[in-house]
Amino acid sequence: MERVLTTLGHNEPDRVPQFLLLTMHGAKELGMSIKDYFSKGENVVEGQLRLQKKYRNDCFYAFFYAPLEIEAFGGEVIYSEDGPPNTGLPFIQNIEKILELEPPKISESKMLHKVLFAIEKLKKKAKSEIPIIGVAMSPFSLPIMQMGFEKYLEIMHYRKDLFDHLMHVNMEFCVEWSNAQLAAGATAICYFDPVSSSTIIPRELYLETGFRIAQQTLSRLNGPTATHFASGNCLPIADLVPQTGTAVVGISSMEDLSKLKKAYKNKLTLLGNLNGIEMRRWTTEEATENVRKVIEIAAPGGGFILSDNHGEIPFQVSDEVLMAVSEAVHTHGVYEETVG
Amino acid sequence: MMENIKFYCDELERSLLLLDKEAAEKLLMEASGKGSAIEIASKIITATLKKIGDDWEDGSVALSQVYMSGIICEELIDKILPPQSPVRIHQPKMAIGVFEDYHLLGKRIVYSSLRASGFELTDLGGGLSIDKLVETIKKEQIRIMLLSVLMLPSALHIKELKEKLKDVDVKILVGGAPFRFDAELWKEVGADGFGKDSSEAIQMVTKLVEEMG
């Protein structure tokens, strides 16, 4: 925990903290299917404990899968044998129905309860030594799964009444869901907001929408947050993201790491930016070299946590590569010896 | 040959980025009095959409702007070059769809851009399984199949699709986030081509259509 807090304070800890954001690999550890694994909170607790120990990870990741919140809204989730559960057809097909939408009650969702159960159990194991990362979709990005991108862009541009109502519903849900995770023992919330990334919307639109919504939402959370753009770019909004009240920003491998380091220096801690898709076919040597390069650029001065660039490492990434990443962080990430 | 193409491209780009459909329509109607529909499609609309796509690649334009530009242009081209126009008819059968999931935006952008560039193609929608695709491609005798994916497992499953289509005369062109983040992936799954954005998709399709005669 101290290692993470030190880097968040923009000082150099003993070693670069390593957040391998592993979800489905827990199923592999337990020798079960992804669907079975996520069917019980106990499985995720056991999976996270094993993964943390195996890779000497500096956090527990209480993320199950992205459409979990959609399930709470009554939407469909499709399981896959070799990938994360995905949303089915968006449950909002007629945009006029948005006005009837209400935030789901956390007490009524079995899936959300499984997550809270897992966080409580992990908290008992972690005590205050290892941070537990909870996850919430931003009110501004959740509509991609609720209604699909096209309809969402349509209401964003042409139906402000529907957009405002949807944001209100989603914000109430996001605040309640995030605070429930914090109350259960999560140390911080990873606020996933890919639509706010400069890959998806222009800066001007972000200022009017995602930025304002993040400010309002994060100010109501009872704990710290990391904002993750899930592989999206965030350099053009580097002056704005810190003003949302977040402490960490998840960065993409598509943007220049040196420029990101400079732009966010002493403002936000960078979380990233290993390319999870490419990682699938890295050799262990490439893994080591890629970690070394990232640390060389982003670690000096603190304010850096090594992670992937998407917030979830693909199921296809081998244990050998993950082990090589971990070894490299423990070798090249020691500040007094190698960094700087 | 039309004059002032640069003027029309610049003005169209400005109108599209401001989502000003009226201004874009007025401009294209003015241009249509000075050149053929095909000239407008290829030299003004396609070129402008390409510029906007390139600007997305370098980070100066966002995906929402690429999408809205494509939608506006698709609507406008239908007025200048209607779907039943003879110049659209002599093309190999083409279709587009989202493989295995329902993240439809990328597919919609490419679909709009291709139609705005004068191509006609069938939109097969999302959630397409391997079996469904094999059946449709064979039944409809599709020669060019564009597939969009968002999830890595879906991208990897294209290898199985290609295997099942090995005796069928169809080219599989792919696009989507996993292929953008791993430049080698499209070759690994055996696709016939990869377009990192809609302008590359247009280039690939244009080349294939020429080759197929």
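Everything discussed here concerns the structure shown above.
From a predicted model like this one, the values you see are computed outputs, not experimental measurements.

A. Molecular detail of the pairing of strand β4 (residues 132-137) of chain A. Residues and elements named next belong to chain A. Most of β4 sits out of view: six of its six residues are buried. Of the two faces of β4, both are covered, the one formed by Ile132, Gly134 and Ala136 as well as the one formed by Ile133, Val135 and Met137. When strand β1 (residues 60-61) meets β4, the two strands line up parallel, connected through two bridges. Residue pairing in the sheet places Phe60 in a bridge with Ile132 of β4. Here β4 pairs with strand β5 (residues 188-192) via five bridges, running parallel. Each residue of the ladder has a partner; that of Met137, found in β5, is Phe192.

B. The environment of Leu208 of chain B, seen in detail. Residues and elements named next belong to chain B. Mapped onto the secondary structure, Leu208 falls in helix α11 (residues 198-212). Expressed as a C-alpha distance, the spacing of Leu208 and Glu188, which sit 20 residues apart in the sequence, is 21 Å. In contact with Leu208, other than residues within four places in its own chain, are Ile144, Lys171 and Leu173.

C. The arrangement of the sheet that holds β5 of chain A in detail. If you trace the seven strands from one edge of the open sheet to the other, you get β1-β4-β5-β6-β7-β8-β9 (chain A), paired in parallel fashion. At either end of the open sheet lies a strand with only one pairing partner, and these are β1 and β9 (304-308) of chain A.

D. The arrangement of the sheet that holds strand β1 (residues 94-98) of chain B in detail. Residues and elements named next belong to chain B. On the basis of which strands lie adjacent, the open sheet formed by five strands has the order β2-β1-β3-β4-β5 and parallel pairing. Taken across any chain shown, the strands that pair with only one partner, and hence form the sheet edges, are β2 (122-123) and β5 (193-194). Where strand β4 (residues 171-175) and β5 come together, two bridges link them in parallel fashion. When the sheet's bridge partners are listed, Leu173 is paired in β5 with Gly193. Strands in contact with helix α6 (residues 105-116) are β1, β2 and β3 (144-148); relative to β1, the strand with the most contacts, it is inclined by about 160 degrees.

E. A look at the pattern of salt bridges. Counted according to the given criterion, the structure contains 39 salt bridges over all chains. Between Lys50 of chain B and Asp54 of chain B there is a salt bridge, with its nearest N and O atoms 2.8 Å apart. With a gap of four residues between them, Lys50 of chain B and Asp54 of chain B both fall in helix α3 (residues 37-57), about one helical turn apart. Exposure remark for Asp54 of chain B: the relative accessible area of 30% places this residue in the partly exposed category. Residues Asp131 of chain B and Lys164 of chain B are paired through a salt bridge, measuring 3.4 Å at the closest nitrogen-oxygen approach. Of this pair, Asp131 of chain B sits in helix α7 (residues 130-140) while Lys164 of chain B sits in helix α8 (residues 152-164), placing them 33 residues apart in sequence. What makes Asp131 of chain B exposed here is its relative accessible area of 52%. Residue classification places Lys164 of chain B among the partly exposed residues on the basis of a relative accessible area of 41%. Salt bridges here are not isolated pairs; linked through shared partners, they connect Glu150 of chain A together with Glu74, Asp78, Arg108, Arg115 and Glu120 of chain B.

What counts as what
Residues numbered from 1 in each chain as written. Chains lettered and ligands numbered in written order. Predicted model: local features only at pLDDT ≥ 70, side-chain atom pairs only at ≥ 80, totals over all residues. Heavy atoms only, no water. Buried < 20%, exposed > 50% of the residue type's maximum accessible area, 1.4 Å probe, protein only. Helix = DSSP H or I, 4+ residues; strand = E, 2+ residues; numbered from the N terminus. Pairing = 2+ DSSP bridges. Contact = heavy atoms within 4.5 Å. Axes fitted to C-alpha atoms, helices over the stretch in contact; angles between N-to-C directions. Salt bridge = Lys/Arg side-chain N within 4 Å of Asp/Glu carboxyl O.

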